[in-house]
Amino acid sequence: MKNCNVIVTGAAGFIGSHTVDRLLKEGHTVIGVDNLSTGRLSNLAKAKANPRFHFVRADLMEPELMVRLCREHSVDSIIHLAGLVSVVEAQNKPTDNFTLNLHATHIVGEAARTAGVHRVVFASSAATYGDCPEMPLTEKAQSNPLSLYGSAKLASEKYLLGFRAYEMEVIFTRYFNVYGPRQDPKSPYSGVISIFSDRFSRGEAIQIFGDGRQTRDFISVFDVARANCLVATKEGAIQSGPMNICTGHSRQLNEMVGIFQDLFPNSPKPVKQPFRSGEILESCGDPSYAAHTIGFRSEITLEEGIRQLMGVREVFELV
Ligand code: UD2
């Protein structure tokens, strides 16, 4: 793999900062763009010590900025991770969702076209599938988004396809339920593992919505960062289109709670709550396409990922 120059938008965020770390570890040069509206500089503490990392605190909605950065750094690919990441917030603030999850996609695509960048990796989501009943979900499954967040991601995918006319490759990484260090546990709509890790470590009771038998495809952010790095820097062509970033393993919420309980045997009993409205009972991605196209397979089991998140030492060498 040659050394590439990669722009990461949303570089100071949860997935962004891990992606930056991975790219740097692989020897690439990284230009991280973030307006720090939700991202944190502390997430980039390690990256900032690396001479191959350039941080630009700016709003990517300024179109000239992205073009200038692409040209100045002879950028090979852009990983566009910036956006409004809370599904609930996107639903409550449709205009912000439109601006940050759809209009921003245009800015990035157009900057890439103007500056002649050949590959754009766009952070999409399993939310594009909505309540599709085909399990495991392949990229060919029907898209039936149930939220404005999901529809903005799907619309962005379709919009970017038009840039293929300029010989640009556009790949849409559809992340499943991502967890790991630096994920914010503070909102009630944060990812369940970040909420549970916070509660268990404080000795507080967790809440389980429903019977706990609902399943998710939980993937470690370290695996996601590795996948992003592979997509952005792979030599040779990659076919444009969606790509699931998932483990292919469907895990019940109760199993995941069991992993925490093994680590915290004296934790208070979980509090059962009714199912959340609009709850999806099953979610599992088919990882075959990513395996075939970029050689990506998840490596971190849920057990390892949770132990790592909770700071259990022996698994740290894994990443
Ligand atoms: C994602 C979105 C959510 C909503 C949903 C629509 C995130 C983090 N969440 O939810 O906002 O749009 O997709 O399908 O993007 N759970 C508990 N206790 C808790 C928190 C969660 O039992 O304190 C359950 C929850 O009911 C669900 C599972 O844990 O069954 C995973 O929840 P999640 O919010 O992490 O992810 P998901 O895919 O349900």
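Residues numbered from 1 in each chain as written. Predicted model: local features only at pLDDT ≥ 70, side-chain atom pairs only at ≥ 80, totals over all residues. Heavy atoms only, no water.

(A) Quick look at the confidence of the model for the protein. When pLDDT is averaged across the protein, the result is 95; 97% of the residues are at 70 or more. Across residues 313–319, where pLDDT falls below 50, the model places 11 contacts with residues more than four positions away in sequence or in other chains. (pLDDT = per-residue confidence, 0-100. Contact = heavy atoms within 4.5 Å.)

(B) Main features of the state of the cysteines. Here the structure, examined in full by the defined rule, presents 0 disulfides. Residue C4 stays outside any disulfide, its sulfur separated by 8.5 Å from that of C229, the closest cysteine. (Disulfide = S-S within 2.5 Å.)

(C) Highlighting the site of the ligand. What surrounds the ligand is a group of 17 residues, the closest being V87, V192, Q207, R276 and E279. Here Q214 contributes a side-chain N or O atom positioned 2.9 Å from an oxygen atom of the ligand. Between R216 and the ligand, the recorded distance is 2.8 Å, taken from a side-chain N or O atom to an oxygen atom. Burial of the ligand by the protein chains amounts to 81% of its free accessible area of 730 Å². Elements with a minimum of two residues in the shell around the ligand: α4 (87–92), α7 (192–202) and β8 (207–209). (Near = heavy atom within 4 Å. Polar contact = N/O pair within 3.5 Å; in protein donor to acceptor, adjacent residues only side chain to side chain. Areas by Shrake-Rupley, 256 points an atom, 1.4 Å probe, with all protein chains shown as cover. Helix = DSSP H or I, 4+ residues; strand = E, 2+ residues; numbered from the N terminus.)

(D) Representation of the packing of helix α1 (residues 14–25) against helix α8 (residues 221–233). One can describe the packing of α1 onto α8 by two numbers: an axis separation of 8 Å at closest approach and a directional angle of 60°. Accordingly, the angle class assigned to the pair α1 and α8 is oblique. In the crossing of α1 with α8, the sense of the turn from one axis to the other is right-handed. The segment α1 lies against α8, with F14, I15, H18, T19, R22 and L23 engaging V221, F222, V224, A225, R226, N228, C229 and T233. For the contact of α1 with α8, a count of residues per class yields 8 nonpolar, 4 polar and 2 charged. (Axes fitted to C-alpha atoms, helices over the stretch in contact; angles between N-to-C directions. Parallel < 35°, antiparallel > 145°, perpendicular 65-115°, else oblique. Left-handed = near helix turned anticlockwise from the far one by under 90°. Nonpolar A, V, L, I, M, F, W, Y, C, P; charged D, E, K, R; others polar.)

(E) Seen up close, the sheet that holds strand β11 (residues 241–245). Taken in spatial order, the 7 strands of this open sheet run β3-β2-β1-β4-β5-β6-β11, and their pairing is parallel. Strand pairing shows two members of the sheet lacking a second neighbour, β3 (53–57) and β11, which therefore form its edges. On average, adjacent strands in this sheet sit at an angle of 20° to one another, irrespective of strand direction. Summarising the sheet, strand β1 (residues 5–9) and strand β2 (residues 29–34) pair through 5 bridges and their orientation is parallel. What sits directly across from V6, in β2, is V30. Against the sheet, α1 engages β1, β2, β3, β4 (77–80) and β6 (169–175), with an angle of about 165° to β1. (Pairing = 2+ DSSP bridges.)

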